[in-house]
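One letter stands for each residue in the lines below.
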Amino acid sequence: MVVFDAGGVLVRICRSWREACAAAGVTFHELVATPEGMAARKAVVQRYELGQLSCEEYFETLAEATNGLYAPAEVRRVHESWILGDYPGVTSLIEGLNTRGVRTGLLSNTNATHWLALAGRRSIQLIDHPHASHLLGLAKPAAAIYHAFAQRVGRPAGELLFFDDLPDNVAAARAAGWRAVHIDHTGDPAAQMRTALALVGITV
């Protein structure tokens, strides 16, 4: 089974709050980029990605974490602008895997808002077994999420080939017994994955 991360592998995403503000047309405030501001936002995002906050709770709690620099409505706009679009070639790659009878999966640290947006994309709709952190109540790179995924799809770890753009997630997958490949999100993810698949005898 070939397993994909979403952001940085199948879809382009904003890599910072500054970038997402620009995409949303919302003013960027430098104070949220301080170490303290970033830590406060990260703590709230992690709770949202674990399914511990509803969407409205997340928008309100993150606005509070910015000390009022952003209103909940602005947080929503920034958040909804985070996903930028598919990387070229990923849809045809997944279609090729499906044609060859290769099962596919998705394992993403995400949240309810982004999951809904992802679900509307053709690349995601083609995947056999999509799983998200906020639904599992677990997040990468914790070992438990890799074991939970393998159990849910009914495949031994050694049969899972995983593509992720974060080195920590790749290392954790390998520690769990998966084959895992780091994807450089600044390059051509589809081409990188085709090369890695060819090395294990899968040509698409």
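Look above for the structure.
Residues numbered from 1 in each chain as written. Predicted model: local features only at pLDDT ≥ 70, side-chain atom pairs only at ≥ 80, totals over all residues. Heavy atoms only, no water.

Here we take up the sheet that holds strand β6 (residues 161–164). Sheet architecture is open: five strands sit in the order β5-β4-β1-β6-β7, paired in parallel fashion. The outermost strands of the open sheet, each flanked by one partner alone, are β5 (129–132) and β7 (179–182). The sheet shows a mean angle of 20° between the axes of neighbouring strands, direction not considered. Looking at chain direction, β6 and β7 are connected through four bridges and run parallel. (Pairing = 2+ DSSP bridges. Helix = DSSP H or I, 4+ residues; strand = E, 2+ residues; numbered from the N terminus. Axes fitted to C-alpha atoms, helices over the stretch in contact; angles between N-to-C directions.)

Counted by the stated rule, this structure contains nine salt bridges. We note a salt bridge from R76 to E80, for which the minimum N-O separation is 3.6 Å. Within this pair, R76 and its partner E80 are both found in helix α4 (residues 72–80), separated by four residues, close to a single helical turn. Note on R76: relative accessible area 29%, which makes it partly exposed. Close ionic contact of D128 with R103 constitutes a salt bridge, the shortest N to O distance being 3.6 Å. Of this pair, D128 sits in the loop between α7 (122–125) and β5 while R103 is found in the loop between α5 (90–99) and β4 (104–108), placing the two residues 25 residues apart along the sequence. (Salt bridge = Lys/Arg side-chain N within 4 Å of Asp/Glu carboxyl O. Buried < 20%, exposed > 50% of the residue type's maximum accessible area, 1.4 Å probe, protein only.)

In this section: the packing of aromatic side chains. Two aromatic rings, taken as a pair, are described by how far apart their centres are and by the angle between their planes. Summed over the entire model, instances satisfying the criterion amount to nine aromatic pairs. With 6.4 Å between their ring centres and 50° between their planes, W17 and W82 make a pair best called tilted. Of this pair, W17 sits in helix α1 (residues 17–24) while W82 sits in the loop between α4 and β3 (83–86); the two residues are 65 residues apart in sequence, bridging distant segments of the chain. Their ring planes at 75° and their centres at 6.2 Å tell us that Y146 and F162 sit as a pair that is edge-to-face. With Y146 in helix α9 (residues 143–153) and F162 in strand β6, the pair connects residues that are 16 residues apart, well separated along the chain. Assigned by exposure class, Y146 and F162 land together as buried. Among the aromatic side chains, those forming a connected cluster through ring pairs are Y146, F149, F162 and W178. (Phe/Tyr/Trp six-rings, centres within 6.5 Å; stacked < 30°, edge-to-face > 60°.)

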